[in-house]
Structure formats: C-alpha cells, structure tokens
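# Structure assessment
Residue strings, one per chain:
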Amino acid sequence: MSHWAIGQEIASKLARLVGLLVPRLGLRLEGGIADRRRRHSDHTEFWSEAARRYPSDAAFVRGKANAALRAGKAAEAESALATLVQNRKARISDCRFIIGLTFVDQHMGNSTQIRIRVRSFLASLRGTSAYRIAAVRLSRIIFAHFTRNIESAKKIGARRDQFLRMLERSAVPAEPKELLRRAAFCEAQLERRFAGCLLDTDISAAQCRIFVSLVRSRLALGQPFAMVRAGDGEAACLPYEPNLMAHAQPDARERERIWWGRPLTSDLRARIAPAVARAIWDADCIGIPTIARFLRELRLDQSDTLEGSLTGRGLRALLYSAERYSDLRSPGLASPMFTSCHLHQDLAIWNCYEELLDGVRDVVLVSCHPDLADLTHTRFGAHIASNIVLPADRVSGPLLRMASSQKGSLPEILDSVIENIRGVAQNRLVMVGAGYPGKILVSVARQQGGIALDIGSIFDYWMGLKTRSYLDLDSG
C-alpha cells in the first residue's frame, strides 16, 4: 500500500471517530475523503443522504450537486442547486454548478432553461456584492445565451469590451481584476495583429465552424496544417515570469510526476521541452488560455493572483509567453492564428466534429485507445487509415485499467512513435490525443504533409471516460 493510500485510510478512520462525537462534522470529513480517495466513483447517494439528515446545512447540498454533476446526474444536481437558490444560500463558488448544468442543456439545445437558471441564481444574490462578481464569473454564458447577433463580424472585440465594463463595475478585488485585464489586453493585441483569430469559440458556434471550414479547406487543397494547444501543463517547457522563476523547474518535475509517475531524466527533459515549445509557437493555429480559462481558475472574491498553485502558475506562464510570442516563434514563418486552448472541447460542445469528419477519408488517429478506430468509424463514418496506440499516462490509465508504464512512458518511446507518424501522415487528417509530447507529434505530422490537430482529451470523451471536469464538457 502506498504512503498516500495509508494516509487516506488513517484519515477515513479519524473521520469515523470524529463522527461518533460530532456526527455532522464526521459526515463532512468522510464525504470529503471519499471524494478524493475514489474520485471516479459516484458519491451522490452519500451526499443526498447527508443533505436529507441535515437539510439546513448548505455544505451537504453542495456536496450533492458536485457529486451528481461528476456522475452525470443532471436532475439531481439541478435539484440541489434549486435548494441553495430557494433558501438564499447560493454563493459565488456555486457558479460551477451553473456552468456544469449549462453544458448539459446546451448539448440538448435548451437555451431557455439556461437563461431561467442564470436569472434565478443571480436574483438570489441581488443586493449583495456577490451579485456582480457572479455575473462576471458567468459572463461567458450570458454572452452566449442572453445576447443577439453575437456571430456578427462587427462584434469582434465587442464582447471583450462588454466584459471589461462588467469587471470594472464589480467588487472583484484588485489582483484578479488586474490579471483579467491583462488577459483581455493580450487577446485584443493578438486580434489586432492577426486577422482570423478565433478566441471566442466557447461562446460562438460560428467561430468553431470557421475553424472546421479552414481544416477541411486545407485537406481539400493538400496544404499542411498544425493546430497545437497550450494549456497550463505546457508551462513545463515555457519561461516563467521573473518573480516566479524559482518555481519553474520544480513545477516541471511535478507535472511530469502527475503525467508519468516520475520526473523525466534531465537528458530526456532537455530534449523534449524545447521540441514541445517549438511545436507550440511554430504551429499555424495556436491555442492559448483565454479570458474564459482565467475566469474559471481565479477566485474572484479573493485577492487571488494565481501564484500559489501549479495550475495558476502555469496559466500565468502561458499569458507571459503569449504576450511575447514573437520572441518564441521561429523567424520567416507565415503569420499564425490564435484560438482557445479549449477549442477541442468547444468543437464538441457545439457539435462540430460530425461536420469536421463528414466524408473525410484516411484519418490517422494517435491516442492511448485501442478501440478508438472502430468507434470513430461507427460514430462519424470516417475511414481510418491508421490507429497508432500509445501507452496511457496516469490520467487516462486508471480509467482504461491500463498500466501507464506498460510500454514505457510516451517520452521514452517517442522516437518510434514519430517514425510511425512519418509513414502515414502525408495529405491525411491526423488527430492527436497525446498530452504534452503530443505537440511534437502534431508538428511531425505537419512536416510530413499532414493536416494535424491536437485534440487532447476529446478522445477520452468519445470513449465515455470522464478524465476531465464537468466544467469542461457535458458530464452526462
């Protein structure tokens, strides 16, 4: 038994002991430990029973809403949220339930229910400082479902200006407010410099379809193309801000532990990190964290700078790099376009993969899923030319019941995977879900004449595996 497992067992026993003395506190501790210990299990029943026993305790109602959304039980999550709203116990952090339920309704095409839910939630906060802060947190939903003519080309930048006005009127503290202003300014600069940026794919189905049209055009013309996304994890290969530089190497090693169970050797890191960075900044389409991603991570009711967490420092490093991207891109390349690092998820939210794959022949898939080829052919009708199966990392491995080291980690076998891609990529749509090293694979596919997309965890989503939060996609 690992040290972590032993610690969790001890914590569970202590929670039960506390429960004998203070039942309500014991239940809270037991539920919190179970959520962490068995994170992929369904804990809705536990939290529902706790909420039934202590109906006035909002913590148990929140536990029920969170567990239900993680388990894909939208009706039970909706019921819990309604209880919080009706009892006027809703708070800013409950916006996460609004967002999770919005994905469910958006998938069903039920914008009316989205608007009803947001209105009732905000009404329960009216008259408090939390009202405008929550409106800022939910601004992406408001822009997508409460405003007209959002797709108009004349509206480029208008939503950002509207967001900044909402931000200024709110009681969001100075530190997160400044970071959001900085992200907005970075987006504006990129849009002014590069025509065709698609930074609102989370709220614009039209932008997602523009991207799909671009990819299909490249396929039709046989023009190589690479879309590479850089999220907080890719900070492992990027420069940190000067005041955070001391965290850069320890953070890189910690990310490697999360992905593969242990840090890379110094030689392997020195080889892979620069190649990942080059693949990101030399891509034709570069996905970066947008305002929407910073809104998700920032604690808007606190003096949060995102400097205190691994994810937060990663997001800051991406913003710092995007502000200086021209120093990181190889000279002589054509101008890139920028989009959201969550584009792969936005394409799923707006049901665009069917359009992307419609009639496309000879698709190359690169992932850890042996059955992905059959599923893709059955679901989308695409002909699969090659299905390159990789070892699972520690994120997907437990759900696949596949040891992450069964073939060695992907960094350790990267050369052989690159050779496989070189043999099949030319003039084909190459879809890669391979995490951090996958950026290199996209770049290699483009070099060989492929039209290559970094679509990450979407393959997990297609396979029915919940490797991401209900804040990313429909959890059902």
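Cut-offs used in this document
Residues numbered from 1 in each chain as written. Predicted model: local features only at pLDDT ≥ 70, side-chain atom pairs only at ≥ 80, totals over all residues. Heavy atoms only, no water. Pairing = 2+ DSSP bridges. Helix = DSSP H or I, 4+ residues; strand = E, 2+ residues; numbered from the N terminus. Axes fitted to C-alpha atoms, helices over the stretch in contact; angles between N-to-C directions. Buried < 20%, exposed > 50% of the residue type's maximum accessible area, 1.4 Å probe, protein only. Polar contact = N/O pair within 3.5 Å; in protein donor to acceptor, adjacent residues only side chain to side chain. Contact = heavy atoms within 4.5 Å. Expected span 1.5 Å × (residues − 1). Salt bridge = Lys/Arg side-chain N within 4 Å of Asp/Glu carboxyl O. Core = buried A, V, L, I, M, F, W, Y, C linked by side-chain atoms within 4.5 Å. Arc of directions from axis to C-beta. Parallel < 35°, antiparallel > 145°, perpendicular 65-115°, else oblique. Left-handed = near helix turned anticlockwise from the far one by under 90°. Nonpolar A, V, L, I, M, F, W, Y, C, P; charged D, E, K, R; others polar. Phe/Tyr/Trp six-rings, centres within 6.5 Å; stacked < 30°, edge-to-face > 60°.

Backbone hydrogen bonds hold the strands of a sheet together, and the pairing may be parallel or antiparallel. Here seven strands make up an open sheet; going across it, the order is β3-β2-β1-β7-β6-β4-β5 and the pairing parallel. Single-partner strands in this sheet number two, and they are β3 (337-340) and β5 (384-389). Shown here is a sheet whose adjacent strand axes are inclined to one another by a mean of 15°, direction ignored. Relative to strand β6 (residues 429-432), strand β4 (residues 363-367) runs parallel, the two sharing three bridges.

Right, let's get into the side chain of Arg316. Among the structural elements, Arg316 can be located in helix α16 (residues 310-323). Given a relative accessible area of 10%, Arg316 falls into the buried group. A polar atom in the side chain of Arg316 sits 2.7 Å from the backbone oxygen of Thr305. Here Arg316 is in contact with Leu179, Arg182, Glu241, Leu244, Thr305, Leu306 and Glu307, once residues within four sequence places are set aside.

A separate point is helix α11 (residues 174-193). An ideal rise of 1.5 Å per residue puts 28 Å on 20 residues; α11 measures up with 28 Å between its terminal C-alpha atoms. Lining the buried residues of α11 we find α10 (158-169), β2 (285-288), α15 (291-297), α16 and β3.

The next point concerns unusual backbone geometry. What is expected of a backbone is that most residues other than glycine have negative phi and most peptide bonds are trans. Phi angles above zero are rare outside glycine, and Arg88 is one such case at about 55°. Note that Arg88 resides in the loop between α5 (74-86) and α6 (95-108). For Asn427, which is not glycine, the phi dihedral falls at a positive 60°. With respect to the secondary-structure elements, Asn427 resides in the loop between α22 (414-422) and β6.

Moving on: the pattern of salt bridges. On inspection of all chains with the given rule, the structure shows 32 salt bridges. Of the charged contacts in the structure, one is a salt bridge between Arg278 and Asp282, with a shortest N-O distance of 3.7 Å. Relative accessible area serves as the criterion here: at 39%, Arg278 is assigned to the partly exposed category. We note a salt bridge from Arg296 to Asp472, for which the minimum N-O separation is 2.5 Å. With Arg296 in helix α15 and Asp472 in the segment after α24 (458-462), this residue pair connects regions lying 176 residues apart in the sequence. Looking at Arg296, the relative accessible area reads 25%, which means it is partly exposed. Among the residues examined, Asp472 registers a relative accessible area of 7% and is labelled buried. Shared partners join several salt bridges into a network, and the residues in it are Arg182, Glu241, Glu307, Arg316, Glu323 and Arg324.

Membership of the largest hydrophobic core comes to 151 residues, with the highest contact counts inside it found for Phe121, Leu138, Phe211, Phe338, Tyr353, Leu429 and Met431. In this structure, Phe121 is in contact with Leu81, Val85, Ala90, Arg91, Asp94, Cys95, Ile98, Ala134 and Leu138, ignoring residues within four places of it in sequence.

So, on to the side chain of Asp251. Its location among the elements puts Asp251 in helix α13 (residues 248-260). Using a relative accessible area of 5% as the deciding quantity, one classes Asp251 as buried. Apart from the residues within four sequence positions on either side, Asp251 is in contact with Tyr240, Leu310 and Arg313.

Our next topic: α5. The end-to-end C-alpha separation of α5 is 18 Å, in line with the 18 Å expected for 13 residues at 1.5 Å each. Inspection of α5 places Ala77, Ala80, Leu81, Leu84 and Val85 among the buried residues, and these make up the whole buried set. Taken down its axis, α5 places every buried residue within 140° of arc, on the same side. Counted as exposed and oriented over 90 degrees from the buried face of α5: Ala75 and Gln86. Those residues of α5 that are buried are in contact with α4 (58-70), α6 and α7 (111-125). Arg88 sits one or two residues past α5 and shows a positive phi near 55°.

Turning next to the packing of α22 against helix α23 (residues 435-447). Remark: α22 packs on α23, axes separated minimally by 9 Å, with the N-to-C direction vectors making an angle of 30°. What the angle tells us is that α22 and α23 run roughly parallel. In terms of crossing hand, the pair formed by α22 and α23 is right-handed. Contact residues: Leu414, Val417, Ile418, Ile421 and Arg422 in α22; Pro437, Ile440, Leu441, Val444 and Ala445 in α23. Split into classes, the residues belonging to the contact of α22 with α23 amount to nine nonpolar, no polar and one charged.

How two aromatic rings sit relative to each other is set out by the distance from centre to centre and by the angle between their planes. For the structure shown, the criterion picks out twelve aromatic pairs. Ring centres 6.1 Å apart and planes at 40° place the aromatic pair Trp47 and Phe60 in the tilted group. Here Phe60 lies in helix α4 and Trp47 lies in helix α3 (residues 44-53), a separation of 13 residues in the sequence. By relative accessible area, Trp47 is classed as buried at 6%. Judged by relative accessible area, which is 0%, Phe60 ranks as buried. Pairing Phe194 with Tyr325 gives two aromatic rings, centres 5.4 Å apart and planes at 80°, and the pair type is edge-to-face.

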